[in-house]
Amino acid sequence: MVSKITVVAPSSTANLGPGFDVFGLAVNAFYDEITLTKKKAKGVSIVTEDDIPTNPDKNTAGLVVKNMIKKFKINDGIEIIIKKNIPAGYGMGSSAASAAAAAFAFDKLYKLKLDGNALVGFAGIGEKASAGSIHYDNVAASILGGFVIVKTDPLEIIKIDPPANLRMCIAVPKLKVPKKKTKVSRGVIPKKISLTSSITNLSNATVIVVGFMKKDPDLIGKSIKDVIVEPARKHMIPGFSKVKENALKAGALGVTISGAGPSVIAFSKSSGDLKKISLAMSKGFKSAKIDCQTIICKPSIGAKIKK
Ligand code: HSE
């Protein structure tokens, strides 16, 4: 009988510009690791050396496991060991990766054989702990890998394999982020938007999907344009406009905020351009007196059992 399982799940970037809460892309920059162990004593306990909540009700993985225990009437207690590698609060799907790994691991530990949509549904519950509301873009990417489209009501995830030559550079600024950053950055988005803005974003989002289907990084890159959320959030990222301008000048195909930020992501199809792009992004942040870490990465596969 299996009593213990370890799963790793990748970082991810959400939105890709116009696809707010709908698009996600798994990226191979970092992986969170979750180990679930069945315990005789009931309840969920969290063991971690990272600076994250250990109260299961306030922890993304804890919330997921508690919900799954209840839903599947499991009589064991469960210990969750969390090793966070994805920097938390920087727009790289850190909370989602732990939630995704927890749902994936629970499914395997109890041989539930849930499909991708069900797993994403459970993992999404974890996002409530950090974002204040449920959204599925990051967890879907982290579980399934590749590029994902979230269709809601009922929840259905469509996955498309990204172009083999798609590359990204993520600039992670060394900024102090608010504790509930995602909640704060969701709060600045306008409640009402004009029909013109909605048409522009819909058009760009549609072309991004076509770009992924045709495996065409140029089509994807030139449609990474968001006239709704990015303008409302960019004031939270000092130097954003310069970072974007510099990256585009250095050859990036498209540039936007990664998820809820403050990281900025640039897309490219040529590994040769990426060094130039990463330098250009660093200089952009430097103009606002901010240091940043740049990570050159590519799309990742989804969550998997660590052997
Ligand atoms: N779509 C979400 C947002 C992702 O932009 O708020 C947060 O990680």
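Below: a short report on this structure. Everything quoted here is computed from the prediction, not taken from an experiment. (Residues numbered from 1 in each chain as written. Predicted model: local features only at pLDDT ≥ 70, side-chain atom pairs only at ≥ 80, totals over all residues. Heavy atoms only, no water.)

With the rule as written, the count across this model stands at twelve salt bridges. Between Glu33 and Lys306 there is a salt bridge whose closest N-O contact spans 3.0 Å. Here Lys306 lies in the segment after strand 11 (304-305) and Glu33 lies in strand 2 (residues 23-39), a separation of 273 residues in the sequence. According to the relative accessible area criterion, Glu33 is buried, its value standing at 13%. Because the salt bridges share partners, they merge into one network encompassing Glu33, Lys83 and Lys306. (Salt bridge = Lys/Arg side-chain N within 4 Å of Asp/Glu carboxyl O. Helix = DSSP H or I, 4+ residues; strand = E, 2+ residues; numbered from the N terminus. Buried < 20%, exposed > 50% of the residue type's maximum accessible area, 1.4 Å probe, protein only.)

Within the structure, the ligand sits among Ala14, Asn15, Phe20, Asp21, His135, Asp137, Asn138, Thr182, Arg186, Arg233, Gly259 and Ala260. Within the contact set of the ligand, an oxygen atom lies 2.8 Å away from a side-chain nitrogen or oxygen of Asn15. Contact between the ligand and Asp137: a nitrogen atom at 2.6 Å from a side-chain N or O atom of the residue. For the ligand, the accessible surface in isolation is 260 Å², of which the surrounding protein chains cover 95%. Mapped onto the shell around the ligand, the elements with two or more residues apiece are helix 4 (137-144) and helix 5 (181-187). By residue class, the composition of the shell around the ligand is three nonpolar, five polar and four charged. (Near = heavy atom within 4 Å. Polar contact = N/O pair within 3.5 Å; in protein donor to acceptor, adjacent residues only side chain to side chain. Areas by Shrake-Rupley, 256 points an atom, 1.4 Å probe, with all protein chains shown as cover. Nonpolar A, V, L, I, M, F, W, Y, C, P; charged D, E, K, R; others polar.)

For the bond from Asp153 to Pro154, the omega torsion is -5°, close enough to zero to count as cis. Along the chain, Pro154 turns up in the loop between strand 5 (147-151) and strand 6 (156-160). Of note, the bond from Gly261 into Pro262 is cis; its omega dihedral lies within 30 degrees of zero at 5°. Counting through the fold element by element, Pro262 comes out in the loop between strand 8 (254-257) and strand 9 (264-268). Look at Asn15: it is not a glycine, yet its phi comes out positive at around 80°. You can see Asn15 is positioned in the loop between strand 1 (4-14) and strand 2. Look at Lys113: it is not a glycine, yet its phi comes out positive at around 55°. Inspection of the secondary structure assignment puts Lys113 in the loop between helix 2 (94-109) and helix 3 (116-131).

What follows covers helix 4. Each turn of an α-helix holds 3.6 residues, which means side chains three or four residues apart point in the same direction. Counted residue by residue, helix 4 has seven buried out of eight residues, so it is predominantly covered. Summarising the contacts, the buried residues of helix 4 are in contact with strand 1, strand 2, helix 2, helix 3, strand 5 and strand 6. Phi turns positive, to about 80°, at Gly145, one or two residues after helix 4. (Contact = heavy atoms within 4.5 Å.)

Our next topic: the packing of aromatic side chains. All told, the structure shown has four aromatic pairs when counted by the stated rule. Relative to Phe122, the ring of Phe72 has its centre 5.5 Å away and its plane inclined at 50°; by these criteria the two rings are tilted. With Phe72 in the loop between helix 1 (60-71) and strand 4 (77-83) and Phe122 in helix 3, this pair connects stretches of sequence that are 50 residues apart. Overall, Phe122 belongs to the buried group, its relative accessible area being 13%. Arranged with centres 3.8 Å apart and planes meeting at 0°, the rings of Phe147 and Phe212 form a pair that is stacked. With a gap of 65 residues between them, Phe147 in strand 5 and Phe212 in helix 6 (residues 195-213) connect regions that are remote in the sequence. The class of Phe147 is buried, set by a relative accessible area of 0%. Residue classification places Phe212 among the buried positions, given a relative accessible area of 0%. (Phe/Tyr/Trp six-rings, centres within 6.5 Å; stacked < 30°, edge-to-face > 60°.)

It is worth spelling out the sheet that holds strand 8 at this point. Strand order in the open sheet formed by four strands is 8-9-7-10, with antiparallel pairing between adjacent strands. Looking along the sheet, the strands with just one partner apiece sit at the ends: strand 8 and strand 10 (292-297). Going from strand to strand, the sheet's axes swing by 20° on average, the running direction of each strand aside. In this sheet, strand 10 lies alongside strand 7 (residues 167-173) in antiparallel orientation, the contact comprising six bridges. Bridging across to strand 10, Cys169 finds its partner in Ile296. Against the sheet, helix 9 (residues 240-249) makes contact with strand 8 and strand 9, and its axis sits at roughly 160° relative to strand 8, the strand it touches most. (Pairing = 2+ DSSP bridges. Axes fitted to C-alpha atoms, helices over the stretch in contact; angles between N-to-C directions.)

This paragraph deals with the packing of helix 1 against helix 2. Two numbers describe how helix 1 lies on helix 2: the axes approach to 7 Å, and their chain directions differ by 30°. With respect to helix 2, the element helix 1 is oriented roughly parallel. Both helix 1 and helix 2 take part in a crossing whose hand is right-handed. Note on element contacts: helix 2 touches helix 1 through Ser95, Ser98, Ala99, Ala102, Ala103, Phe106 and Asp107, opposite Thr60, Ala61, Val64, Val65, Met68 and Ile69. Classifying every residue of the contact of helix 1 with helix 2 gives nine nonpolar, three polar and one charged. (Parallel < 35°, antiparallel > 145°, perpendicular 65-115°, else oblique. Left-handed = near helix turned anticlockwise from the far one by under 90°.)

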